[in-house]
Amino acid sequence: MACDRCSEPSVAWIRYSGAHLCAAHFREYVERRVKQEIRRELELTGAPTKIAVGLSGGKDSCTALLLLHEYLGRRPDVALEAITVDEGIEGYRPPSLERARAFCAQLGVPHHVISYRETQGFEMDRVVRVDPEAIPCSYCGVFRRHALNRKARDIGADYLATGLNLDDTAESVLMNVARGDVERLARLGPHDVAQPGLVPRLQPLRMVPELEGYLYAYLRQVPFHDAECPYASRAQRGRFKEILHRLEEESPGTRHAILHGYDDLRPVLQGAWPPAKLTACARCGQPTVRELCKACEMKERLESLAQG
């Protein structure tokens, strides 16, 4: 099958649009959407701006870093730095950490590492041993957000970019609707308003489906680490991933429809559930709506279980 725009062989069939694209036009197709998303989320005024990029070493975060570097890296008013969170998962994180370090060195981007052992005193392998009945991702998601925000603040970042793609975002919308957690739905990134102590999130790949991101990274020869977390099978998100996949198979374009619908509702949700007033966590100093942030509450639970 030839590309719809030239005579070159097609490498991708975009089911939700019907387009067949060659490698060059597929790259252009992805890059155009990422550029549009960056312009939509980020307003640069010429003032010095530092963007931290959460870099796991996987396909999405490496692609996000690459494109941010290509689009913004030469601007004198923009500084890019990368942050990798070491969760402490033997056999999984060490190789991706090395890949992240090497990629940052290749791009000339400063690289920082922050670990759960450093921030919480518990690496994930130990968390699973101490609290075997809990879903590991319930700890890991909270600890990761805590660590990324802490390190981004430490390096003076104005924004924190992540590699969340279209599938990730649509899954988050579905999960919060299913739980009836409208307040959390109103707080999903990207963030338009900065709250004290919280570094606003950017999502450059927000309109790029996961498989398109995978193909793009392959075509660009992005040196990413391709492995799944050994604890991912126990995550509730996996069920919503399967639901979303079935919906997309039956009705191509469902992911985009979910996200466009959410964006239309977002101003109403944010009006009804404005950002909560934040204070400093009594234990770690990170922003929270309670005396202790969720990460410190979880840490206290682990400490109690470990002592018992």
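Conventions adopted
- Residues numbered from 1 in each chain as written.
- Predicted model: local features only at pLDDT ≥ 70, side-chain atom pairs only at ≥ 80, totals over all residues.
- Heavy atoms only, no water.
- Pairing = 2+ DSSP bridges.
- Helix = DSSP H or I, 4+ residues; strand = E, 2+ residues; numbered from the N terminus.
- Contact = heavy atoms within 4.5 Å.
- Axes fitted to C-alpha atoms, helices over the stretch in contact; angles between N-to-C directions.
- Phe/Tyr/Trp six-rings, centres within 6.5 Å; stacked < 30°, edge-to-face > 60°.
- Buried < 20%, exposed > 50% of the residue type's maximum accessible area, 1.4 Å probe, protein only.
- Lys NZ or Arg CZ within 6 Å of the ring centre and 35° of its normal.
- Right-handed = clockwise from strand over helix to strand, strands pointing away.
- Parallel < 35°, antiparallel > 145°, perpendicular 65-115°, else oblique.
- Left-handed = near helix turned anticlockwise from the far one by under 90°.
- Nonpolar A, V, L, I, M, F, W, Y, C, P; charged D, E, K, R; others polar.
- Core = buried A, V, L, I, M, F, W, Y, C linked by side-chain atoms within 4.5 Å.

Turning next to the sheet that holds strand 6 (residues 159–161). Here we have five strands laid out as an open sheet, ordered 5-4-3-6-7, and parallel in their pairing. If you trace the sheet from one side to the other, it starts and ends with strand 5 (111–115) and strand 7 (201–202), each paired once. Bridge analysis of strand 3 (residues 49–54) against strand 4 (residues 78–86) gives six bridges, and the strand direction is parallel. The residue of strand 4 that forms the bridge with Val-53 is Ala-82. In the packing of helix 2 (residues 59–72) onto the sheet, the strands contacted are strand 3, strand 4 and strand 6, and the crossing angle to strand 3 comes to about 160°.

Quick look at the packing of aromatic side chains now. Applying the stated criterion to the full structure yields three aromatic pairs. Plain terms: the ring middles of Tyr-139 and Phe-143 are 5.9 Å apart, the flat faces sit at 55° to each other, and that makes the pair tilted. Of this pair, Tyr-139 and Phe-143 both sit in helix 6 (residues 136–154), four residues apart, which is roughly one turn of that helix. For the residue pair Tyr-139 and Phe-143, the accessibility class agrees, reading buried in each case. Geometrically, the ring pair formed by Tyr-214 and Phe-224 is edge-to-face, given 5.5 Å between the ring centres and 75° between the ring planes. You can see Tyr-214 sitting in helix 9 (residues 210–219) and its partner Phe-224 sitting in the loop between helix 9 and helix 10 (237–250), a full ten residues away along the chain. Since its relative accessible area comes to 32%, Tyr-214 is described here as partly exposed. Here Arg-33 stacks its cationic end above the ring of Tyr-29, 3.9 Å away from the centre of that ring.

Further remarks concern the pairing of strand 3. Of all six residues in strand 3, five are buried, a share of seventy percent or more. Between strand 3 and its parallel partner strand 4, the chain crosses via helix 2, and the hand of that crossover is right-handed. Of the pairings in the sheet, the one linking strand 3 to strand 6 comprises three bridges and is parallel in character. Following the sheet pairing, Val-53 is matched in strand 6 by Ala-161.

Okay, the packing of helix 1 (residues 23–41) against helix 9 next. In the contact formed by helix 1 and helix 9, the axes pass within 10 Å of each other and the chain directions differ by 120°. Viewed along their axes, helix 1 and helix 9 adopt a mutual orientation that is oblique. Considering how the two elements wind past one another, helix 1 and helix 9 form a crossing that is left-handed. From helix 1, Ala-23, Phe-26, Arg-27, Tyr-29, Val-30, Glu-31 and Arg-33 reach across to helix 9, where they touch Glu-212, Leu-215, Tyr-216 and Leu-219. Across the contact of helix 1 with helix 9, the residue classes break down as seven nonpolar, no polar and four charged.

Moving on to the nonpolar core. One finds Ile-51 and Leu-65 to be the most contacted residues of the largest nonpolar core, which totals 39 residues. Sorting elements by how many residues they give to this core places helix 2 first, with seven residues. Non-local contacts of Leu-65, meaning those with residues more than four positions away in its chain, are made with Val-53, Leu-55, Ala-82, Phe-103, Cys-104, Leu-107 and Val-109. Counting 33 residues, the second-largest nonpolar core is a separate cluster that includes Ile-83, Phe-122, Ile-155 and Cys-229.

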